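The primary structure of each chain is shown beneath.
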Amino acid sequence: MSKMKQIEIECPKCGETQRVDYWESINVDLDPSLRKQLFDAEINFFSCEFCAYEAVVNGPLFYHDMTRKFCIQYLPEYWLEDVSNFECYHTDGSLETFVNFSTMGIGHRSRPHVVFDIEELLRYILFREMLYDRDMVEKKKMVAGMLH
Ligand SMILES: [Zn+2]
């Protein structure tokens, strides 16, 4: 499920406070348009209503692709400065969750690939999509081979 909340932001340029949509989590199977918005740098993007100043809202973002079975957690670099930010992580980097995702066949949900850079997030998405597409082609060839 995708999760968006409105947060109050004080414009670093003009100082005016305003509400901004902030996505904590996006699920690209349920909301495919969010993938495009992410690649177009429109997710968690702040554009001041008063002075048009533009900036990225640099907060954690969880990316979930259910079809290709992968999750990525983007964490901003400043998160590393406070260990209490990682309370929800086990020593091995997996997520502490109340739900046992493994029994639901979505174990990847509790083992996100963690990145600290948005560019890296985008590259990793493309990498996983290419792997998936490659294997889909292989599977189609195998099926076609069996039919002959
Ligand atoms: Zn402003």
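A quick note: this is a predicted structure, and the numbers were derived from the prediction, not measured. (Residues numbered from 1 in each chain as written. Predicted model: local features only at pLDDT ≥ 70, side-chain atom pairs only at ≥ 80, totals over all residues.)

Caption draft 1: Geometry of the sheet that holds strand S6 (residues 70-74). Taking strand neighbours across the sheet as the criterion, the five strands line up as S1-S2-S5-S6-S7 in an open arrangement whose pairing is mixed. The open sheet terminates on both sides in strands that have one partner only, identified here as strand S1 (3-10) and strand S7 (113-115). Averaged over neighbouring strand pairs, the angle between their axes works out to 25° when direction is ignored. Examined bridge by bridge, strand S5 (residues 61-65) and S6 share five bridges and lie antiparallel to one another. When the bridges of S6 are listed, Phe62 appears paired with Gln73. Taken strand by strand, helix H2 (residues 118-147) contacts S5, S6 and S7, and its axis lies near 175° from that of S6. (Pairing = 2+ DSSP bridges. Helix = DSSP H or I, 4+ residues; strand = E, 2+ residues; numbered from the N terminus. Axes fitted to C-alpha atoms, helices over the stretch in contact; angles between N-to-C directions. Contact = placed C-beta atoms within 7 Å.)

Caption draft 2: Highlighting the pairing of S5. As judged from the three bridges shared by strand S2 (residues 17-27) and S5, these two strands associate in the parallel manner. Within S5, the residue paired with Asn27 across the bridge is His64. Linking S5 to S6, which pair antiparallel, is a turn of four residues; within it Lys69 sits at a positive phi near 55°.

Caption draft 3: Structural detail: the pairing of S2. In terms of strand pairing, S1 meets S2 through eight bridges, oriented antiparallel. Each bridged residue has a counterpart across the sheet, and for Ile9 the counterpart in S2 is Gln18. With antiparallel pairing between neighbouring strands as the criterion, S1 and S2 make up a hairpin whose turn holds six residues, including Gly15 at a positive phi of roughly 85°.

Caption draft 4: How the structure looks around the nonpolar core. Counting residues in hydrophobic clusters, the biggest one holds ten residues: Trp23, Ile26, Leu38, Ile43, Leu61, Tyr63, Phe70, Cys71, Tyr74 and Ile125. Every element with two or more residues in this core is listed here: S2, S5 and S6. For this core, the element with the highest residue contribution is S6, accounting for three residues. The residues touching Leu38, leaving out its near neighbours within four places in the chain, are Ile26 and Ile43. (Core = buried A, V, L, I, M, F, W, Y, C linked by C-beta atoms within 7 Å. Buried ≥ 20, exposed ≤ 12 C-beta atoms within 10 Å, placed from the backbone.)

Caption draft 5: Structural view of H2. Helix length check: H2, at 30 residues, gives a terminal C-alpha distance of 44 Å against a target of 44 Å (1.5 Å per residue), a fit within 8%. Burial of H2 is sparse: only one of the 30 residues sit out of reach of the surface. (Expected span 1.5 Å × (residues − 1).)

Caption draft 6: Structural view of unusual backbone geometry. Positive phi outside glycine occurs at Ala41, with the angle close to 60°. Positionally, Ala41 belongs in the loop between helix H1 (32-39) and strand S3 (45-47). Residue classification places Ala41 among the exposed positions, given that 12 C-beta atoms sit within 10 Å. Of note, Asn44 is a non-glycine position whose phi angle comes to about 50°, a positive value. You can see Asn44 is positioned in the loop between H1 and S3.

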